[in-house]
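Residues per chain are reported as follows:
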Amino acid sequence: MLQANAVAANDDLLSEDDIRNTLHEGLAGRFSGARVLALIPDRTRTLPLPLLFPMLVESLSDTRQLDFMVALGTHPPLSQAELCALVGLTPDQYQERYSHVKLLNHEWDNPGALTELGVISDDQLRELCGPAWHHSLGGDVPVNLNRAVLDYDHVLIVGPCFPHEVVGISGGAKYLFPGISGPELINRFHWLGALITTMKIIGKKDTPVRDIIHQAAELVPTPLSLLALVVVGDGLAGMFIGDHIRAWDAAARLSQTKHIRLLDHPYPRVLSWCPPMYDELWTGAKAMYKLEPAVADGGELVIYAPHLDTVSVTHGRYIYEVGYHVLPWFLRDWSRYSDYPTSVIAHSTHVKGIGRVREGVEEPRIQVTLSSRISREDCETLNLGYRDPATLDLQQWRERDDTLFVPKAGEILYRARNDANARAG
C-alpha cells in the first residue's frame, strides 16, 4: 500500500512544502527507534538530493540510526567530499550538522562486503525469461547483496524512475539489484536485457528483467520501503511512498507520461548531447539508448560529449578487447566471448544498437559516432565512428530540418509514433 503520495497538476512541479509534507506524512513516526538504511542514487541520476536530504533526516529524526548508502552498482566509488557534495554539503557542513548520519559507498567487487541471500534456480530463471531465454543465461544464480542490509531494521529506497535500457523503467528494487548487489545477478539480467534488445524493452514497465529483480528482492530479509520519485527538470512531478512494488508501479506509470517524447517521424541525423553528469561512456551511452528509436534506418547518431575521456574505469579493459558490436556478432561465435562478463557484452550491444551479421559482415541499423576526448584511434579500436568535437558546428546541427538536436540527453526517451514499441506498455 501507499503511505503517502503527491502528484503535481498538469505540467507543474511539487513545491518544497508539498515535498516536505508528503515526506512527513509517509515517513514520520514509521521507524521510531529503528535502524534505517536509505539507498540513494549516485550523480549519474538526476535527483534533487540537496533538497531532499535534510528533509529526510528531519522526517526520520526519531530513528535510532539513520545512514545513507549510494547504490553504485558497478560504478566507481565516491570520495568523502563527493559523497557530501551528492547531498548538497561541504565536508565541514556535513561534520557540523550531520556527522551522526553515515554516508556510505556500495562495494560490488568486495566479496567481504557481500552476503548470499539465496539462489534463483535455473528453472526459475527459464520461467522468468520466457521466450527471451538463451542457453548463455543458463545455470543457477546466487543472489548476493551488501551485507550491511542485515545490520538494519529497515531499508528505505530513495530514487527516481526513468526509462531504462535494461529493465524498462528504472527505480524501485533496482536500487538493490544492481544497486547494492554482487556481480553474478548483475551480469545475468543485463545480458537478458541485451538479448531482448534496448529497442524492445526501453520504456516498458513490465519486463522479464523487472520480474527477476522482484524475484531477487523477495529474498531480502530486511523489510523494504520505497520513496519513488518522478523528476522533471530540476524538480519533482510526483512522489510515492509505500511498499517497493506499489510505490514503484505508480511512479513508473507517471514516468511513462513524463519521460517519453513521441516524434512524428524518425530523423536521419541525431545529435545527442551527453551532459557532464556522465563522466565515462559506460553511463554516458545513455545518450545513445534514449535516442536510438528516434534515428531512421541508415541514419547517424552522434554522442556529443566534449568532456568525456574515459570508456569505463571499471570495465574499460574488457570493452577495448571486445569492442562495440550488434548482438548477432556475439551470438554467432558465443564460445569466443563466453568468458567475458556478460554485462560488458550487453553494454557493447546496447551502444552499437540493433543490427545483423550477413556473410560475416556486421550491418548495424544505424551509425553510432562518438564526439568526445576519446581519440579517433580508440574509436576505431572500439568499432565506433569518430568526430572531433571541436569541428562540430552546433548551431548548424540545431537548424537543419533533417536533424534532431537533444541537449542533456540520457533520461528522456525519444521514439517515433509509428514505432510499435511506442504503443507498448
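Preceding block: the structure.
Everything numeric here is computed off the predicted structure, so don't read it as measured data.

## A word on the sheet that holds strand β4 (residues 103–105)
Link 1 in the chain: Read across the open sheet, the seven strands follow the order β1-β11-β10-β7-β2-β3-β4; overall the sheet is mixed. The open sheet is flanked by β1 (2–7) and β4, the only strands paired with a single partner. Each neighbouring strand pair of the sheet contributes to a mean axis angle of 20 degrees, computed without reference to strand direction.
Link 2 in the chain: Across seven bridges, the pairing between strand β10 (residues 224–232) and strand β11 (residues 235–242) is antiparallel. Paired with L227 across the strands is I241, a residue of β11.
Link 3 in the chain: Lying on the sheet, helix α1 (residues 16–27) is in contact with β1, β7 (154–160), β10 and β11; it crosses β11 at an angle near 10 degrees.

## Section: the sheet that holds strand β14 (residues 295–305)
Link 1 in the chain: Spatially, five strands are ordered β18-β17-β14-β13-β19 in an open sheet, and the strand pairing comes out parallel. What marks the edges here is a single partner per strand, and that holds for β18 (385–386) and β19 (403–406).
Link 2 in the chain: As defined by bridge partners, β14 adjoins strand β17 (residues 367–372) across six bridges and the pair is classed as parallel. Across the sheet, the residue bridging to V302 is T369, located in β17.

## As for the packing of helix α6 (residues 183–196) against helix α15 (residues 342–352)
Link 1 in the chain: With their axes 7 Å apart at the nearest point, α6 and α15 run at an angle of 25 degrees to one another. Relative to α15, α6 is oriented roughly parallel. Between α6 and α15 lies a crossing of left-handed hand. Two secondary-structure elements touch here, α6 through I186, N187, R188, H190, W191, G193 and A194 and α15 through T342, S343, I345, A346, T349 and H350.

## Comments concerning the nonpolar core
Link 1 in the chain: The biggest cluster of nonpolar side chains holds 103 residues, and the ones touching the most others in it are L176 and F177.
Link 2 in the chain: The dominant element in this core, judged by the number of residues it contributes, is α6, at seven residues.
Link 3 in the chain: Those residues in contact with L176 that sit more than four places away from it in its chain are L39, L145, I157, S181, A217, V220 and L224.
Link 4 in the chain: The next biggest cluster of nonpolar side chains, apart from the first, holds 43 residues, and it includes A38, L72, V101 and L156.

## Notes on the pattern of salt bridges
Link 1 in the chain: All chains considered together, the criterion is met by 18 salt bridges.
Link 2 in the chain: Between R356 and E363 there is a salt bridge; the shortest N-O distance is 2.7 Å.
Link 3 in the chain: The salt bridge involving R400 is made with D402; its shortest N-O contact spans 2.6 Å.
Link 4 in the chain: Looking at R400, the relative accessible area reads 33%, which means it is partly exposed.
Link 5 in the chain: Residue D402 is classed as partly exposed on the basis of its relative accessible area of 26%.
Link 6 in the chain: The network of salt bridges with common partners includes K205, D206, D249 and R253.

## Describing the environment of I40
Link 1 in the chain: One can find I40 in strand β2 (residues 35–40).
Link 2 in the chain: For I40, a relative accessible area of 2% translates into the label buried.
Link 3 in the chain: Put simply, I40 and V70 are 30 residues apart on the chain and 5.0 Å apart in space, counted from C-alpha to C-alpha.
Link 4 in the chain: Among all residues touching I40, those that are not within four sequence positions of it are L49, F68, M69, V70, A71, L86, V87, V158 and Y175.

## Looking at the packing of aromatic side chains
Link 1 in the chain: Summed over the entire model, instances satisfying the criterion amount to eight aromatic pairs.
Link 2 in the chain: On the numbers, 5.0 Å between centres and 80 degrees between planes, the contact of W273 with Y304 is edge-to-face. Of this pair, W273 sits in strand β13 (residues 267–273) while Y304 sits in strand β14, placing them 31 residues apart in sequence.
Link 3 in the chain: On the accessibility criterion, W273 (26% relative accessible area) is partly exposed.
Link 4 in the chain: Seen in terms of ring centroids, F330 and Y337 are 4.8 Å apart; in terms of plane orientation they differ by 80 degrees. Their pairing is edge-to-face. Comparing F330 with Y337, the two get one shared label, buried.
Link 5 in the chain: An aromatic cluster of at least three residues, connected via ring pairs, comprises Y318, F330, Y337 and Y340.
Link 6 in the chain: Taking NZ or CZ as reference, R210 lies 4.0 Å from the ring centre of W248, over its face.

The rules behind these values
- Residues numbered from 1 in each chain as written.
- Predicted model: local features only at pLDDT ≥ 70, side-chain atom pairs only at ≥ 80, totals over all residues.
- Heavy atoms only, no water.
- Pairing = 2+ DSSP bridges.
- Helix = DSSP H or I, 4+ residues; strand = E, 2+ residues; numbered from the N terminus.
- Axes fitted to C-alpha atoms, helices over the stretch in contact; angles between N-to-C directions.
- Contact = heavy atoms within 4.5 Å.
- Parallel < 35°, antiparallel > 145°, perpendicular 65-115°, else oblique.
- Left-handed = near helix turned anticlockwise from the far one by under 90°.
- Core = buried A, V, L, I, M, F, W, Y, C linked by side-chain atoms within 4.5 Å.
- Buried < 20%, exposed > 50% of the residue type's maximum accessible area, 1.4 Å probe, protein only.
- Salt bridge = Lys/Arg side-chain N within 4 Å of Asp/Glu carboxyl O.
- Phe/Tyr/Trp six-rings, centres within 6.5 Å; stacked < 30°, edge-to-face > 60°.
- Lys NZ or Arg CZ within 6 Å of the ring centre and 35° of its normal.

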